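# Coordinates in review
Residues per chain, in single letters:
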Amino acid sequence: MVSPSSKEVFIQGVTLSGKTFRPSDWAERLAGVMSSFRPGGARPGSHLSYSPWCIPTTLNGVKCVVVNRALRDHEPMAWDFVMNFAHDNELTLVEACLLPDPPRKD
């Protein structure tokens, strides 16, 4: 269950039984499907970039999709879709906040 106070939910590419989820590009596919759900709604060409509410990434070698809670507030059916995807595929959900990388010291 996802807490109403969490800002982001990480859908990890590891099943509850500990197996790596396949296909290997699942995170990019899921985020691609969600690309039109964004602040201000879909615009021409918005399918060419990921939504800021649903971002594929890799953390500690594990493929993940970071889903921002703002998606639920703006598009409840889209939120339900990604959460149901995670539950249907028995993927691990982690509540967290993705922090930006610290500035580089060159």
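Conventions adopted
- Residues numbered from 1 in each chain as written.
- Predicted model: local features only at pLDDT ≥ 70, side-chain atom pairs only at ≥ 80, totals over all residues.
- Heavy atoms only, no water.
- pLDDT = per-residue confidence, 0-100.
- Helix = DSSP H or I, 4+ residues; strand = E, 2+ residues; numbered from the N terminus.
- Pairing = 2+ DSSP bridges.
- Axes fitted to C-alpha atoms, helices over the stretch in contact; angles between N-to-C directions.
- Contact = heavy atoms within 4.5 Å.
- Core = buried A, V, L, I, M, F, W, Y, C linked by side-chain atoms within 4.5 Å.
- Buried < 20%, exposed > 50% of the residue type's maximum accessible area, 1.4 Å probe, protein only.
- Salt bridge = Lys/Arg side-chain N within 4 Å of Asp/Glu carboxyl O.

### Describing the confidence of the model for the protein chain
Confidence along the protein chain averages 86 in pLDDT terms, with 80% of residues attaining 70 or more. Of all the helices and strands in the protein chain, strand S4 (residues 91-96) carries the lowest mean pLDDT, 90, while helix H3 (residues 76-88) carries the highest, 97.

### Here we look at the sheet that holds strand S2 (residues 54-59)
Ordered by their spatial adjacency, 4 strands build an open sheet running S2-S3-S1-S4, and the pairing between neighbours is antiparallel. The outermost strands of the open sheet, each flanked by one partner alone, are S2 and S4. Across the sheet, the mean angle separating the axes of adjacent strands is 30° when strand polarity is ignored. In the sheet, strand S1 (residues 8-15) pairs with strand S3 (residues 62-68) via 5 bridges, with the strands oriented antiparallel. Looking at the pairing, Glu8 lines up with Asn68 of S3. Those strands touched by helix H1 (residues 26-33) are S1, S2, S3 and S4, and its axis lies near 20° from that of S3.

### Observations regarding the nonpolar core
Grouped together as the largest cluster of nonpolar side chains are 19 residues, with contacts concentrated most on Ile11, Trp26, Val65, Val67, Leu71, Val82 and Met83. When contributions to this core are tallied by element, the ones reaching two or more residues are S1, H1, S3, helix H2 (70-74) and H3. The element contributing the most residues to this core is H3, with 5 residues.

### Some remarks on the pattern of salt bridges
If charged atoms from side chains of opposite charge come close, those side chains can pair. Applying the stated criterion across every chain, the model contains 2 salt bridges. The residue Lys63 makes a salt bridge to Glu28 at a minimum N-O spacing of 2.7 Å. Residue Lys63 is found in strand S3, and its partner Glu28 is found in helix H1; the two are separated by 35 residues along the sequence. On the basis of relative accessible area, Lys63 is assigned to the partly exposed category, the value being 28%.

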